[in-house]
Amino acid sequence: MKLFLIGIGFLFILGCSAQTPLKNIIRDRQFSEYNSTLEQLESDYLQKKISYAQYLEQKNRVEEDYQQKIDTRRNLIQNQNAPSAVSEMLP
């Protein structure tokens, strides 16, 4: 029990002494792209490079594209986890 508590204390001290934050533990590349694109669109709108109508149109296009990518990825994962048909069995 003492060894367990010493180990937990060591991990706590080690975690608190980290110099740089851990940014890349788990990163969703598609979400990062989606987020940066939306930020760029908002920046362009706020700097008056595009009109509000253009901003909404492009934002909707980006959101639809992102949703299609997510749906495709979800379907791929679900199809991989689905049990395969037993049609290849011979009598």
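Predicted, not measured: the structure shown is a model, and the values here were computed from it. (Residues numbered from 1 in each chain as written. Predicted model: local features only at pLDDT ≥ 70, side-chain atom pairs only at ≥ 80, totals over all residues. Heavy atoms only, no water.)

Draft legend 1. Spatial organisation of the nonpolar core. If you look at the biggest cluster of nonpolar residues, it comprises eight residues: Tyr-34, Leu-38, Leu-41, Ile-50, Tyr-55, Val-62, Tyr-66 and Ile-70. Of all the secondary-structure elements, those providing two or more residues to this core are helix 2 (29-46) and helix 3 (52-81). Those residues in contact with Tyr-34, other than ones at most four positions away along the chain, are Val-62, Glu-63 and Tyr-66. (Core = buried A, V, L, I, M, F, W, Y, C linked by side-chain atoms within 4.5 Å. Buried < 20%, exposed > 50% of the residue type's maximum accessible area, 1.4 Å probe, protein only. Helix = DSSP H or I, 4+ residues; strand = E, 2+ residues; numbered from the N terminus. Contact = heavy atoms within 4.5 Å.)

Draft legend 2. The arrangement of the packing of aromatic side chains in detail. In total, this model carries six aromatic pairs according to the counting rule given. Relative to Tyr-34, the ring of Phe-31 has its centre 6.0 Å away and its plane inclined at 45°; by these criteria the two rings are tilted. In this pair, Phe-31 and Tyr-34 are both assigned in helix 2, three residues apart and thus about one turn of the helix distant. Classification of Tyr-34 by relative accessible area gives buried; the value is 18%. Relative to Tyr-52, the ring of Tyr-45 lies with its centre 5.5 Å away and its plane at 55°, an arrangement referred to as tilted. Residue Tyr-45 is classed as partly exposed on the basis of its relative accessible area of 29%. Three or more aromatic residues link up through ring pairs in this structure, and these residues are Phe-31, Tyr-34 and Tyr-66. (Phe/Tyr/Trp six-rings, centres within 6.5 Å; stacked < 30°, edge-to-face > 60°.)

Draft legend 3. Expanded view of the environment of Leu-41. Topologically, Leu-41 is positioned in helix 2. Classification of Leu-41 by relative accessible area gives buried; the value is 7%. Remark: the alpha-carbon pair of Leu-41 and Tyr-55, spanning 14 residues in sequence, is separated by 6.5 Å. Dropping the residues within four chain positions of it, Leu-41 is found in contact with Ile-50, Tyr-55, Gln-58, Lys-59 and Val-62.

Draft legend 4. Summary view of helix 2. Here helix 2 contains 18 residues, and its C-alpha end-to-end distance of 26 Å stays within 8% of the 26 Å for a straight helix at 1.5 Å per residue. All of the buried residues along helix 2 are Tyr-34, Leu-38, Leu-41 and Asp-44. Looking straight down helix 2, one finds its buried side chains confined to an arc of 125°; they lie on one side. Exposed residues lying more than 90 degrees from the buried face of helix 2 are Arg-29 and Leu-46. Those residues of helix 2 that are buried lie in contact with helix 3. Of the residues that open helix 2, the one with a side-chain oxygen 3.3 Å from the backbone nitrogen of Gln-30 is Asp-28. Lys-48, located one to two residues past helix 2, shows a positive phi value of around 60°. (Expected span 1.5 Å × (residues − 1). Arc of directions from axis to C-beta. Polar contact = N/O pair within 3.5 Å; in protein donor to acceptor, adjacent residues only side chain to side chain.)

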